[in-house]
Amino acid sequence: MNTRKNGPADIQQSIEKNNLKLSADKILQGLKKVRNEPSKSRRRWVWELLQNAKDVPNVFGRVKVRVSLTGKGLAFAHNGDPFTSENITGLIQQVSTKASGGDDEEVTGKFGTGFISTHLLSEKVQVSGITLRPKGVAKRFIIELDRSGRNSEELMPHIEATIDRIKGIDDDEAFETIDNYTASRREHDLDTELTYHFSSKAALTTAQVGLDDLRNTLPFTLANVPKIEEVVVVDTTRKFEVTYTCVIV
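Now for a quick tour of the structure. (Residues numbered from 1 in each chain as written. Predicted model: local features only at pLDDT ≥ 70, side-chain atom pairs only at ≥ 80, totals over all residues. Heavy atoms only, no water.)

**Overview of the sheet that holds strand β8 (residues 240-245)**
Backbone hydrogen bonds hold the strands of a sheet together, and the pairing may be parallel or antiparallel.
Here's step 1: Strand order in this open sheet of 8 strands is β5-β4-β3-β6-β2-β1-β7-β8, and the pairing throughout is mixed. Two strands close off the open sheet at either side, each with one partner strand: β5 (176-178) and β8. Averaged over all pairs of adjacent strands, the angle between their axes in this sheet comes to 15 degrees, without regard to strand direction.
Here's step 2: Note: strand β4 (residues 138-146) against β5, 3 bridges, orientation antiparallel. Residue pairing for β5: Lys139 is matched across the bridge by Thr177.
Here's step 3: Across the sheet, helix α2 (residues 38-55) is in contact with β1 (63-69), β2 (73-78), β6 (192-197) and β7 (228-235); its angle to β2 comes to roughly 20 degrees.
Here's step 4: Contacts from helix α3 (residues 85-93) reach β3 (124-132) and β4, with the element oriented near 10 degrees to β4. (Pairing = 2+ DSSP bridges. Helix = DSSP H or I, 4+ residues; strand = E, 2+ residues; numbered from the N terminus. Axes fitted to C-alpha atoms, helices over the stretch in contact; angles between N-to-C directions. Contact = heavy atoms within 4.5 Å.)

**Considering unusual backbone geometry**
Peptide bonds are, in most cases, trans, and in most cases residues other than glycine have a negative phi.
Here's step 1: Unlike most non-glycine residues, Gln94 shows phi in positive territory, near 60 degrees.
Here's step 2: Inspection of the secondary structure puts Gln94 in the loop between α3 and β3.
Here's step 3: Residue Lys239 is not a glycine yet carries a positive backbone phi of 55 degrees.
Here's step 4: Structurally, Lys239 can be placed in the loop between β7 and β8.

**Looking at the environment of Pro38**
Here's step 1: Following the sequence through the fold, Pro38 ends up in helix α2.
Here's step 2: Overall, the relative accessible area of 38% leaves Pro38 in the partly exposed class. (Buried < 20%, exposed > 50% of the residue type's maximum accessible area, 1.4 Å probe, protein only.)

**A short note on the packing of aromatic side chains**
The description of an aromatic ring pair rests on the distance of the ring centres and on the angle between the ring planes.
Here's step 1: Taken as a whole and assessed by the stated rule, the structure comprises 1 aromatic pair.
Here's step 2: Residue placement shows Arg215 over the ring face of Phe240; its charged tip is 3.9 Å from the ring centre. (Phe/Tyr/Trp six-rings, centres within 6.5 Å; stacked < 30°, edge-to-face > 60°. Lys NZ or Arg CZ within 6 Å of the ring centre and 35° of its normal.)

**Here we look at the pairing of β3**
Here's step 1: Here β3 runs beside β4; their pairing, made up of 9 bridges, is antiparallel. Pairing of Ser128 across the sheet is with Ile142, part of β4.
Here's step 2: Joining the antiparallel neighbours β3 and β4 is a turn of 5 residues, in which Lys135 adopts a positive phi near 70 degrees.
Here's step 3: Bridging between β3 and β6 involves 4 bridges; their strand directions are antiparallel. Each bridged residue has a counterpart across the sheet, and for Gln126 the counterpart in β6 is Thr195.

Nothing here speaks to function; it is all geometry.
This is the structure in structure tokens:
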């Protein structure tokens with residue numbers, strides 16, 4: 001049995017480059033589809049984010065979400081459990097953490113190909129969250145998903161830079177250590193947040209269309225998805241705030 005782990009440096013370097021190329025190709029394929037179907041993706045992005053929030057394990061049992069829209073961008077936050085290392089790298093490389101062939105009806109996809117539709121809001125997404133490291137050490141991380149490349153050669157350095165950044169999570173002081181996180185965490189703490197900064201009026205319009213679709217259909221959706229307890233929508237561009245709550249009796 002061959003137990004060799006690395007092999008020659010040039011072979012290992014080639015493998016790493018191929019992995020980056022595969023990730024870049026997959027992301028570009030998804031982005032192309034989103035850009036070719038903008039009217040469909042305008043309504044899809046918010047449901048993809050809500051679905052991902054539902055799929056994240058939650059020690060409290062039910063999910064709380066807050067969506068905040070301004071003229072400059074949109075933030076989507078929820079109270080899901082901390083990220084695993086697989087969640088983080090899967091998000092960077094656009095690999096779904098849902099088990100292949102899984103039949104779990106509670107998990108409809110987590111950061112899979114549907115997540116790419118959210119890039120219609122912005123090519124660059126800031127992801128902030130908590131991850132538990134070995135021995136239960138909680139770390140706050142902030143990474144940027146930069147999908148601004150128009151081909152694999154342009155996109156690969158962005159992916160590689162984010163991977164290199166997250167590799168320093170245990171040593172880089174920029175990753176804050178949160179003391180007593182598990183014990184002090186509360187249900188209303190929305191520690192996972194994705195922030196999209198708009199670069200065009202079209203992005204703002206896309207955000208408004210998605211939120212309108214959410215407002216029109218969310219009451220019916222919550223009745224069928226009891227895991228989602230509360231969704232707060234704050235839209236400063238049209239000056240409204242609304243809270244949807246699913247009460248189980």
